[in-house]
Amino acid sequence: MSDDETDPELLTLLRSSLGLGTDSPVDASPDTGVLGSALHIYNNSIDVAISMAGTRAAAALLYRQMQQRNYSTAAWRAHELHPKSNDAATADFIFTTDLLNFCFWSERGAAERFAVEYRGRRWTGYWSLVACLQCALDDVDVWGADIPITTPSFWRNEADCPDSLLHHVFRSATAEEMPLLRERIACLREASIVLSQSFASSVAVLIASASHSAAALVNVLAASFPCFNDVHRFEGREVRILKRAQIFVADLWAAFDGEGYGRFGDIDSITMFADYRVPQMLHYLGVLSYSPPLASHIRSLKPIPSGHAWEIQLRGNAIQAVELLKRQIHSAHPDAKINAILIDFFLYDAAKERERELERKRQFGGEGGEGGEEMPHHRTRSIWY
Ligand SMILES: Nc1nc2c(c(CN[C@H]3C=C[C@H](O)[C@@H]3O)cn2[C@@H]2O[C@H](COP(=O)(O)O)[C@@H](O)[C@H]2O)c(=O)[nH]1
């Protein structure tokens, strides 16, 4: 649903983006893929809308900023915590990360929330997970040896890899335990069994099974691993979001710069990853708008149950909005080397930058708080995102 349907130019874009066709990821028939699901959600949403004017303005801003920063897959590799080697170990690292890459938010304040100490810094959120994995792989640990935490056969069972060891790997520097730690351990155990049964316990074999097709690899993950099968029901039909399956493919593409394990002929068929950070930024930019009941619920930091219609509307419209941003950018700049993945990465990083600005302002006052002070995100405890 759009809250200003009068914009013919963007309506044309919307219609073309709704054409779906073969660029709808993970499907043969357009209406059963992620884009088809996002379209169904968009058409049946009453609490989340996409502003055409906001989309046009945000597309111009994003393009300008991405160009200024020469934004590319290099941003992924540039982060100090991300692996740098172009080999199977990095593919294993990314699989392990995206198997567990969900829900890090906390009800506690900045000082008490789950955090990890590594390389002389405290890491929170997504980066806390990456720091845990890097720390476990480092040289001799208090456990007496480097822990092969990114080796899938290691996670198989309690005997080889007791829960107590995993609690050590994902230990907190605060009083709060890693959110949903029990669910993360279950994901590791499940994935280890599936990989051993169907992919010779090898992430490289899993990747090779898709023959360099991004959509096929997302399909294989959704079909083989229950914990990647991010599928729900909304307004009378199944909707496929597949966030962690898609971010796994995207991270491979970025980490390997489109070569080797990251080479996919159809990488532009991957959509944004419907988490809770990018919708937050899309709302801040005026692309997404919320009904008063939903806006009030989010502002009051109340949780939304997993599977609730509001959650599905937020996730589905975020996918649709990024597709529109992508098409708006390409309409104005046909040669732009920008896809939904890079827009998503950029919006996620922008959300984190803004969060840091607001935190500095809270602590030290001063600049950085212009415009909407807070940027609350929707709060759903879910293993899907
Ligand atoms: N849509 C989207 N969601 C992303 C990421 C990332 C990190 N990607 C890095 C790789 C390339 C980029 O440049 C980033 O540097 C994490 N997440 C999700 O956010 C949530 C964690 O949030 P917080 O608690 O604030 O850290 C959680 O659901 C997690 O799955 C992304 O890129 N896109």
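Residues numbered from 1 in each chain as written. Predicted model: local features only at pLDDT ≥ 70, side-chain atom pairs only at ≥ 80, totals over all residues. Heavy atoms only, no water.

Taking an unreviewed UniProt entry as the reference, the protein is identified by name as Queuosine 5'-phosphate N-glycosylase/hydrolase belonging to Cryomyces minteri. Here the protein is described in UniProt, under the heading Sequence similarities (unreviewed entry), as follows: "Belongs to the QNG1 protein family." The Function (unreviewed entry) field of the UniProt record for the protein holds the comment "Catalyzes the hydrolysis of queuosine 5'-phosphate, releasing the nucleobase queuine (q). Is required for salvage of queuine from exogenous queuosine (Q) that is imported and then converted to queuosine 5'-phosphate intracellularly." (UniProt positions renumbered as here; feature names shortened; annotations may be inferred.)

**Some points on the nonpolar core**
Phe 95, Leu 99, Phe 170, Leu 217, Phe 225 and Leu 282 are the most contacted members of the largest nonpolar core, which totals 128 residues. Sequence-distant contacts of Leu 217, that is, excluding residues within four places in its chain, are made with Leu 206, Ile 207, Ala 210, Phe 248, Val 249, Leu 252 and Phe 264. (Core = buried A, V, L, I, M, F, W, Y, C linked by side-chain atoms within 4.5 Å. Buried < 20%, exposed > 50% of the residue type's maximum accessible area, 1.4 Å probe, protein only. Contact = heavy atoms within 4.5 Å.)

**Section: the pairing of strand β4 (residues 231-234)**
Relative to strand β5 (residues 237-240), β4 runs antiparallel, the two being bridged by four bridges. Each bridged residue has a counterpart across the sheet, and for His 232 the counterpart in β5 is Val 239. What sits between the antiparallel neighbours β4 and β5 is a turn of two residues, in which Glu 235 has the positive phi angle 50°. (Pairing = 2+ DSSP bridges. Helix = DSSP H or I, 4+ residues; strand = E, 2+ residues; numbered from the N terminus.)

**Description of the packing of helix α5 (residues 88-99) against helix α11 (residues 243-255)**
Close contact between α5 and α11 brings their axes to 9 Å; oriented N to C, the two are set at 150°. Classed by the angle they form, the pair α5 and α11 counts as roughly antiparallel. Seen from above, α5 lies across α11 with right-handed handedness. In this structure, α5 uses Thr 90, Ala 91, Ile 94, Phe 95, Asp 98 and Leu 99 to contact α11, whose residues at the interface are Arg 244, Ile 247, Phe 248, Asp 251, Leu 252 and Ala 255. (Axes fitted to C-alpha atoms, helices over the stretch in contact; angles between N-to-C directions. Parallel < 35°, antiparallel > 145°, perpendicular 65-115°, else oblique. Left-handed = near helix turned anticlockwise from the far one by under 90°.)

**Quick notes on the packing of aromatic side chains**
As enumerated under the stated definition, the model contains 11 aromatic pairs in all. With a centroid separation of 6.1 Å and an interplanar angle of 10°, the aromatic rings of Phe 199 and Phe 225 are classed as stacked. One end of the pair, Phe 199, is in the loop between α8 (181-198) and α9 (203-208); the other, Phe 225, is in the loop between α10 (214-224) and β4, and 26 residues separate them in sequence. The pair formed by Phe 199 and Phe 225 is uniform in burial state, with each residue classed as buried. Taken together, Phe 95, Trp 155, Phe 199, Phe 225, Phe 228 and Phe 248 form an aromatic cluster joined through their ring pairs. (Phe/Tyr/Trp six-rings, centres within 6.5 Å; stacked < 30°, edge-to-face > 60°.)

**Observations concerning unusual backbone geometry**
Even without a glycine there, the phi angle at Ala 200 is positive, about 55°. Considering the arrangement of structural elements, one finds Ala 200 in the loop between α8 and α9. Among the residues examined, Ala 200 registers a relative accessible area of 61% and is labelled exposed. Backbone geometry places Asp 257, a non-glycine residue, at a positive phi of 50°. Its location among the elements puts Asp 257 in the loop between α11 and α12 (277-284). Look at Asp 257 and you get partly exposed, because its relative accessible area is 45%.

**Focus on the site of the ligand**
Close contacts around the ligand come from 22 residues, with Lys 243, Arg 277, Asp 344, Lys 352 and Tyr 385 the closest. Here an oxygen atom of the ligand and a side-chain polar atom of Lys 243 are 2.3 Å apart. For the ligand, whose unbound accessible area comes to 660 Å², protein coverage reaches 99%. Breaking the shell around the ligand down by element, the ones donating at least two residues are α6 (125-137), α11, α12 and α15 (340-364). Ranked by residue count, the leading element in the shell around the ligand is α15, at five residues. For the shell around the ligand, a count of residues per class yields 13 nonpolar, three polar and six charged. (Near = heavy atom within 4 Å. Polar contact = N/O pair within 3.5 Å; in protein donor to acceptor, adjacent residues only side chain to side chain. Areas by Shrake-Rupley, 256 points an atom, 1.4 Å probe, with all protein chains shown as cover. Nonpolar A, V, L, I, M, F, W, Y, C, P; charged D, E, K, R; others polar.)

**Re the environment of Gln 65**
By secondary structure assignment, the location of Gln 65 is in helix α3 (residues 52-68). Spatially, the C-alpha atom of Gln 65 lies 27 Å from that of Trp 105, the residues being 40 residues apart in sequence.

**Side note on helix α2 (residues 34-43)**
Where burial is concerned, most of α2 is hidden: nine out of the 10 residues are buried. For α2, the full list of buried residues reads Val 34, Leu 35, Gly 36, Ser 37, Ala 38, Leu 39, His 40, Ile 41 and Tyr 42.

**Digging into the confidence of the model for the protein**
Across the protein, pLDDT averages 91, with 88% of residues at or above 70. Note on residues 17-30: pLDDT under 50 across the span, and 37 contacts to partners over four residues away in sequence or across chains. The complex prediction reports pTM at 0.92, with the ipTM value standing at 0.99. (pLDDT = per-residue confidence, 0-100.)

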